[in-house]
Amino acid sequence: MSTSLPSGSNPKYAWSEITGRDLPKRAPEQRLRDFHETHFPFDEATAREQASRCVQCPRPGCVISCPVGSPIQQWLELTAEGNFAEAARISGEATPIAEICARLCPRDHLCEDACILNGPAEPVSIGAIEEFLAEYRLAHGEGIVVGPANGWRVAVLGTGVAGLACASELVKRGFSVTMIGRAERAGGFLLRGTSTLRIDEAIVDRRIGMLRERGVVVRLGEVTGRDVCLSQLQSEFDAVFVGWDARRARALAVPGGDLPGVVQGTEFVGHARGEAEAGIPGVDVRGGRVVVIGEDDTAVDCARTALRRGAAEAVCVCPHPAGSLTCCRREFEDAEEEGVQFRFEETPVALRANDTGRVGQVVLTGTRRVEGGGWEAVEGVGHEIPADWVILAMGLETEPGVLEADFQQLQTAEDGALMVDAAQMTSVPGVFAGGDLVHGPSEVVIAIRDARLAAEGIEAYLKSRATKQNEPAG
Ligand code: SF4
């Protein structure tokens, strides 16, 4: 592979001479034998080559569409020049936990969708280059920078995306950080509900390990109301960040939606971790026909996981037409290669039991588009497909009851979302929040943006409070 343009080429037109590439991946027959990530990062030559396709737009759509406003064109130019260290530094400044964000961010719905090359050619492989840079930075020991100690202590509640991002950003700014998690293992929804096919648990554990090495205390198994209350945290710490994951899968509200044999998708993929091959106790899909209801990344992960667990077939029932699914294109292509089947523009209207009382059939009807980009079921047309297992992956909703005890004093909107100001501070001074509790279940990059803003906000708040305390009375 060449690392430079053909002689005589104008760098402005490199995009038309170099084929856009996504991450290299393992062969389907090989990856179907395990639960590890499908892709591996670019090598240096490929990262340089692919970055050189960027035409350096004066008003870059990629940056405008990026929720954290990462200066993408800047780090692409540096990557194309081979200045990986500086490119990785700039990328990492914008995106704490970049190695996690790069793996999970829906790039083909954000930066790569908005790339000016998307249409005339393949968009620049922004996500793949970001992952390369994140791994480069970690390999060179610069994944988490520790700032000079400022003497302030911050409690970070939650060990998922928002918590990990906020803790990383706070450490960089010199805070003493204590992370407090409800589960016995750190990682939040990254472990509990995200497939290892997209992010190996080793990647999550590595970030937590780095934080611990840099002095972050991680307290686990602490339940709100029982072990943790806000007033106690306020007396123990100078500021608090509330970043719990608070999401659960939606139920299927059709007749038979709770029959035996119906499984929640997030549990199904979440149990692919650690004791991977064991899965959920009592859920053995070997030899069975698995129908997944849904079309997002979790749905596709469920179907792929079912095949790895020995299912005879795995079918995704998708309400949208082909080409308009909510999953990432890469996920869809990987799944098709592995043998996952897709039924487009269909939705379930009922589940039927077999002779033993377990789910045996899914009754489907067609869908049609409605104004605004949504869809609705076509009434009166039904057909059945057989199913031994039905896995639900129709999106997530906010888990109720997370804000317990004196956390309930934090002001919420009508829909239960925590209210925060532009600096992510809640109605209680010194208490900041971000992620699921503020926005409901959303993309990882939203939680990362909140976490970065909150860390900035905490620093500004404590500095301003210290200034006021030092001002002469009267
Ligand atoms: S939109 Fe595409 S071509 Fe333009 S600056 Fe961004 S990555 Fe480069």
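Just so we're clear, the structure is a prediction, and the values are computed from it rather than from any experiment.

**Student:** Help me get a handle on the overall build of the protein chain, residues and values and all.
**Tutor:** Within the protein chain, the regular secondary structure consists of 18 helices and 16 strands. Its C-alpha radius of gyration of 24 Å places the protein chain within 12% of the 23 Å reference for a compact globule of 474 residues. Of the contacts made within the protein chain by residues no fewer than 6 positions apart, 72% connect residues no fewer than 24 positions apart. Put simply, the protein chain shows about 20000 Å² of open surface, and 50% of that area lies on carbon and sulfur atoms. Charge separation in the protein chain, taken as the distance between the mean sites of 47 positive and 69 negative side-chain charges, equals 2 Å.

**Student:** With reference to specific residues and values, describe the sheet that holds strand β14 (residues 389-392).
**Tutor:** Pairing is parallel in the open sheet, where five strands are placed in the order β6-β14-β7-β8-β9. With one partner strand each, in any of the chains shown, β6 (262-264) and β9 (341-343) form the two edges of the open sheet. Between one strand axis and the next, the sheet turns by 25 degrees as a mean value, whatever way the strands run. Two strands pair when backbone bridges link them, and β6 and β14 are joined in this way by three bridges, in the parallel orientation. Note that in β14 the partner of V263 across the bridge is I391. Sheet strands touched by helix α15 (residues 297-308): β7 (289-293), β8 (313-317), β9 and β14. Its angle to β8, the strand with the most contacts, is close to 170 degrees.

**Student:** A description of the side chain of E130 should follow, citing residues and the corresponding values.
**Tutor:** One can find E130 in helix α9 (residues 126-139). Summary of buried charges: E130 has no salt-bridge partner, and the nearest side chain of opposite charge, R107, is 6.3 Å away. Residues contacting E130, with those up to four places away along its chain left out, are W75, S91, T95, A98 and A102.

**Student:** Explain the pairing of β14 residue by residue, including any values.
**Tutor:** Covered by surrounding structure in β14 are W389 and I391 together with V390 and L392, the residues of both alternating faces. Here β7 runs beside β14; their pairing, made up of four bridges, is parallel. Each residue of the ladder has a partner; that of V290, found in β14, is W389.

**Student:** Requested: an account of the confidence of the model for the protein chain, with residues and values cited.
**Tutor:** Mean pLDDT over the protein chain works out to 90, with 95% of the residues at or above the 70 mark. Throughout residues 1-8 the model reports pLDDT below 50, and contacts reaching past four residues in sequence, or to other chains, amount to ten contacts.

**Student:** Run through the packing of helix α6 (residues 84-94) against α9, naming residues and quoting values.
**Tutor:** The geometry of α6 relative to α9 is characterised by a closest axis approach of 9 Å and an angle of 105 degrees between their N-to-C directions. Relative to α9, the element α6 lies roughly perpendicular. Along the contact surface, α6 presents F84, A85, A87, A88, R89, S91, G92 and E93, while α9 presents E130, F132, L133, Y136 and R137. A breakdown of the residues in the contact of α6 with α9 according to their chemical character gives seven nonpolar, two polar and four charged.

**Student:** Report on the environment of V431, specifying residues and quantitative values.
**Tutor:** Here V431 lies in strand β16 (residues 431-433). Between the C-alpha atom of V431 and that of V240, which follows or precedes it by 191 residues, the distance is 4.8 Å. When near neighbours in sequence (up to four residues on either side) are disregarded, V431 contacts L230, Q234, V240, V242, L410, Q424, M425 and T426.

**Student:** Any details on the nonpolar core? Residues and values, ideally.
**Tutor:** Grouped together as the largest cluster of nonpolar side chains are 77 residues, with contacts concentrated most on I72, W75, L164, L170, V177, F241 and I458. If one sorts the elements of this core by residue count, helix α18 (residues 444-470) sits on top with eleven residues. No fewer than three residues from each of domain 1 (11-139) and domain 2 (153-247 + 405-470) sit in this core. For V177, the residues in contact, after removing those within four places along its chain, are V154, V156, A167, L170, V171, G215, V216 and V217. Judged by nonpolar contacts, the second largest core, of 27 residues, contains V283, V285, F342 and I391.

**Student:** An account of the site of the ligand is needed here, citing residue identities and associated values.
**Tutor:** Surrounding the ligand, one finds C54, V55, C57, P60, G61, C62, Q73, L76, C115, I116, V124 and I126. Contributing elements (two or more residues each) for the shell around the ligand: α4 (61-65) and α5 (72-81). The residue inventory of the shell around the ligand, partitioned by class, reads ten nonpolar, two polar and no charged.

**Student:** Requested: an account of helix α3 (residues 44-51), with residues and values cited.
**Tutor:** Given 3.6 residues per helical turn, the α-helix brings residues three or four places apart onto the same face. Listed in full, the buried residues belonging to α3 are T46, A47, E49, Q50 and A51. On its buried side, α3 packs onto α5 and α9.

**Student:** Give a description of the pattern of salt bridges that names residues and reports values.
**Tutor:** Opposite charge on two side chains permits them to pair, given that their charged atoms come into close proximity. Under the definition given, this model contains 41 salt bridges. Between E135 and R206 there is a salt bridge whose closest N-O contact spans 2.7 Å. On the criterion of sequence distance, the pair formed by E135 in helix α9 and R206 in helix α12 (residues 201-213) is long-range, its members being 71 residues apart. Look at E135 and you get buried, because its relative accessible area is 17%. The network of salt bridges with shared partners includes K25, R31, R304, R308, E331, D334, E337 and E338.

**Student:** Let's hear about the domain arrangement of the protein chain: which residues, and what values?
**Tutor:** For the protein chain, the assigned domains are domain 1 (11-139), domain 2 (153-247 + 405-470) and domain 3 (251-394). Summed over both partners, the interface of domain 2 with domain 3 comes to about 980 Å²; 47% of that surface belongs to carbon and sulfur atoms. At the junction of domain 2 and domain 3, the tally comes to two salt bridges. As a salt-bridge pair, R198 and D301 come within 2.8 Å of each other at their nearest N and O atoms. Across the domain 2-domain 3 interface, the total number found is one residue pair in polar contact (both at pLDDT 80 or more). Among the elements that make up the side of domain 2 that touches domain 3, the one with the highest residue count is helix α11 (residues 189-192) (four residues). Of the residues contributing to the side of domain 2 that touches domain 3, the split by class is five nonpolar, four polar and four charged.

Definitions and limits used
- Note on numbering: residues in each chain are counted from 1, in written sequence order.
- Confidence filtering applies because this is a predicted model: local features only for residues at pLDDT of at least 70, side-chain atom pairs given and counted only at 80 or more, and all residues used for totals across whole chains, interfaces and linings.
- In computing side-chain values, all of the structure's heavy atoms are included and hydrogens and water are not.
- For the purposes of this entry, the term helix denotes a DSSP run of H or I that reaches at least four residues, the term strand denotes a run of E that reaches at least two, and both are numbered from the N terminus.
- Every radius of gyration here is taken over C-alpha atoms, with the globule rule written as 2.2 Å times N^0.38, N being the number of residues.
- Contacts: residue pairs with any heavy atoms within 4.5 Å of one another.
- Method for areas: the Shrake-Rupley scheme with a 1.4 Å probe, in which residue coverage is limited to the protein chains shown.
- Positive charges are assigned to Lys and Arg, negative charges to Asp and Glu, while His and the chain termini are left out of the count.
- The atoms used to mark charge sites are NZ of Lys, CZ of Arg, CG of Asp and CD of Glu.
- Here, a strand pair is defined by DSSP locating no fewer than two bridges between the strands.
- The axes used here are C-alpha line fits, helices contributing only the stretch in contact, and every angle between their N-to-C directions lies in the interval 0 to 180 degrees.
- Partly exposed describes any residue whose relative accessible area lies between the buried limit of under 20% and the exposed limit of over 50%, with all areas from a 1.4 Å probe on protein chains only and scaled to the type maximum.
- What makes a salt bridge here is a side-chain nitrogen of Lys or Arg within 4 Å of a carboxyl oxygen of Asp or Glu, nothing more.
- A residue's pLDDT is simply how confident the predictor is in it, with values from 0 to 100.
- Every angle not falling under 35 degrees, over 145, or within 65 to 115 is termed oblique; those three ranges are roughly parallel, roughly antiparallel and roughly perpendicular.
- Classification used: nonpolar for Ala, Val, Leu, Ile, Met, Phe, Trp, Tyr, Cys and Pro, charged for Asp, Glu, Lys and Arg, polar for all others including Gly.
- The term nonpolar core refers to a set of buried residues drawn from Ala, Val, Leu, Ile, Met, Phe, Trp, Tyr and Cys, joined through side-chain atoms within 4.5 Å.
- Throughout the structure description, domain borders are defined by an automatic or database domain assignment.
- Definition of nearness: a residue and a molecule or strand are near each other if at least one heavy atom of the residue lies within 4 Å of the molecule or strand.
- By buried area we mean how much accessible surface two parts lose on assembly, using a 1.4 Å probe and totalling the loss over both.
- Distance and chemistry together define a polar contact, namely a pair of N or O atoms within 3.5 Å, with one atom able to donate a hydrogen and the other to accept it when in protein, and with adjacent residues in sequence counting only for side-chain atoms on both sides.

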